[in-house]
Amino acid sequence: MVAGFAEHLKTLYACRLCPNVFGAPVTGAVAGAKLMLVGQAPGPHEVEDRRPFAYTAGKRLFGWFERFGVDESQFRSRVHMCAVIRCFPGRDPKSGGDRVPNAEEIANCAAHLDREIQLLVPKLVVAVGTLAAQVLIGESELRRIVGKKHRAERAGHKFDVVVLPHPSGRSTWLNKEENRALLDRSLELIAAHAAWRATFRRRK
Ligand code: SF4
């Protein structure tokens, strides 16, 4: 295990810094991963299951990678799956969906993401959804950022970022054919990246 990773996880899972979130922190921790995926925040199913993307959005997300011969269990065992915040923010009474984390929660939880970047030194980070994109590359307009490879710097390390739209069934962004083409381009960029090839070369 990467030195300090176990200690980091202990700190993360014990964290109760934010007063308005629910349940224990969730992260799909993979020691030594060179590929990270960052989502927005866990939902209630993820808290119950103790792993990210445990429900319908996960089915769609993992389905996207099957075209490259990688199934859900392979993905989960090789890719460090985390999020902008690690606890369930609760429901948004207006939208009926999950509440978007606020600035204080994002700032509180940034220390966990920074520590993971310092420990894992990922070559590629996949940002899932607009909040993860905003946090990692400072932009969130999907039409402008999906289908491209970005360069980011955080916690003293430089790495590539490829953005995917959130796979939630609530999102209508993928209803347009041109947006689905951008998604395909992002997936191709991920699968062609050296970090992906190194990650899944070892899977036999
Ligand atoms: S959201 Fe992050 S900072 Fe806030 S309590 Fe959960 S783990 Fe801690």
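You'll find the structure just up there.
The model shown is predicted, which means the values in this text are computed figures rather than measured ones. (Residues numbered from 1 in each chain as written. Predicted model: local features only at pLDDT ≥ 70, side-chain atom pairs only at ≥ 80, totals over all residues. Heavy atoms only, no water.)

> Any chance you could explain the environment of R67 here in plain terms?
By secondary structure assignment, the location of R67 is in the loop between α3 (56-65) and α4 (72-78). Sequence separation of R67 and L187 is 120 residues, and the distance between their C-alpha atoms is 9.4 Å. When neighbours within four sequence positions are excluded, R67 is seen to be in contact with D184 and L187. Within the structure, R67 has its side chain in polar contact with the backbone oxygen of W64 (distance 3.4 Å). (Helix = DSSP H or I, 4+ residues; strand = E, 2+ residues; numbered from the N terminus. Contact = heavy atoms within 4.5 Å. Polar contact = N/O pair within 3.5 Å; in protein donor to acceptor, adjacent residues only side chain to side chain.)

> Explain the site of the ligand to me, please; I cannot follow it from the model alone.
Surrounding the ligand, one finds C15, R16, L17, C18, P25, I85, R86, C87, N108, C109 and H112. Grouping the constituent residues of the shell around the ligand by class yields seven nonpolar, two polar and two charged. (Near = heavy atom within 4 Å. Nonpolar A, V, L, I, M, F, W, Y, C, P; charged D, E, K, R; others polar.)

> Hey, could you run me through the sheet that holds strand β5 (residues 157-164) in this one?
Adjacent strands of a sheet pair through backbone hydrogen bonds, lying either parallel or antiparallel. With mixed pairing, the five strands of this open sheet are ordered in space as β2-β1-β3-β5-β4. On the outer flanks of this sheet lie β2 (80-83) and β4 (149-154), each paired with one strand and no other. If you compare each strand with its neighbour and ignore which way they point, the axes differ by 30° on average. Judged from the five bridges that link them, strand β3 (residues 124-128) and β5 form a sheet pairing that is parallel. Each residue of the ladder has a partner; that of A127, found in β5, is V163. (Pairing = 2+ DSSP bridges. Axes fitted to C-alpha atoms, helices over the stretch in contact; angles between N-to-C directions.)

> Explanation requested: the nonpolar core in the structure shown.
Soluble globular proteins: nonpolar side chains tend toward being buried together. By size, the foremost hydrophobic cluster in this structure holds 57 residues, and its most contacted members are L37, L61, F75, L164 and W196. Per-element tally for this core: the top contributor is helix α5 (residues 103-120), with six residues. (Core = buried A, V, L, I, M, F, W, Y, C linked by side-chain atoms within 4.5 Å. Buried < 20%, exposed > 50% of the residue type's maximum accessible area, 1.4 Å probe, protein only.)

> Even after reading the chapter, I still don't get helix α6 (residues 130-137), so can you show me in this structure?
Residues separated by three or four positions in an α-helix point in the same direction, a consequence of the helix having 3.6 residues per turn. Those residues of α6 not exposed but buried are L131, A132, A133 and L136. For α6, the elements touching its buried residues are β1 (35-39), α5, β3, α7 (142-145), β4 and β5. Directly beyond the C-terminal end of α6, a positive phi value near 75° is found at G138.

> Whenever I open this one, unusual backbone geometry confuses me. Can you help?
Negative phi values dominate among residues other than glycine, just as trans dominates among peptide bonds. Of note in this structure, R50 is not a glycine but carries a positive phi near 65°. Using a relative accessible area of 42% as the deciding quantity, one classes R50 as partly exposed. Non-glycine residue A155 carries a positive phi angle of around 50°. Tracing the chain through its elements places A155 in the loop between β4 and β5. Judged by its relative accessible area of 24%, A155 falls in the partly exposed class.

> Quick question: what am I supposed to make of the packing of aromatic side chains here?
We describe a pair of aromatic rings using the distance from one ring centre to the other and the angle between the two ring planes. Under the counting rule described, the total for this entry stands at eight aromatic pairs. Their ring planes at 25° and their centres at 5.4 Å tell us that F65 and W196 sit as a pair that is stacked. Placement of F65 in helix α3 and of W196 in helix α9 (residues 194-201) is noted, with a sequence separation of 131 residues between them. The burial state of F65 is the same as that of W196; both residues are buried. Relative to F200, the ring of W196 has its centre 4.4 Å away and its plane inclined at 50°; by these criteria the two rings are tilted. You can see W196 and its partner F200 sitting in helix α9, four residues apart, about one turn around the helix. (Phe/Tyr/Trp six-rings, centres within 6.5 Å; stacked < 30°, edge-to-face > 60°.)

> What's the story with the pattern of salt bridges in this structure? I'm lost.
Note that side chains of opposite charge can pair when their charged atoms are close. Scanning the entire structure with this criterion turns up 11 salt bridges. D49 is paired through a salt bridge with R51; the nearest N and O atoms lie 2.9 Å apart. Judged by its relative accessible area of 34%, R51 falls in the partly exposed class. Residue R154 pairs with D114 through a salt bridge whose shortest N-O separation is 2.6 Å. One end of the pair, R154, is in strand β4; the other, D114, is in helix α5, with 40 residues separating them in the sequence. A relative accessible area of 17% means that R154 is categorised as buried. (Salt bridge = Lys/Arg side-chain N within 4 Å of Asp/Glu carboxyl O.)

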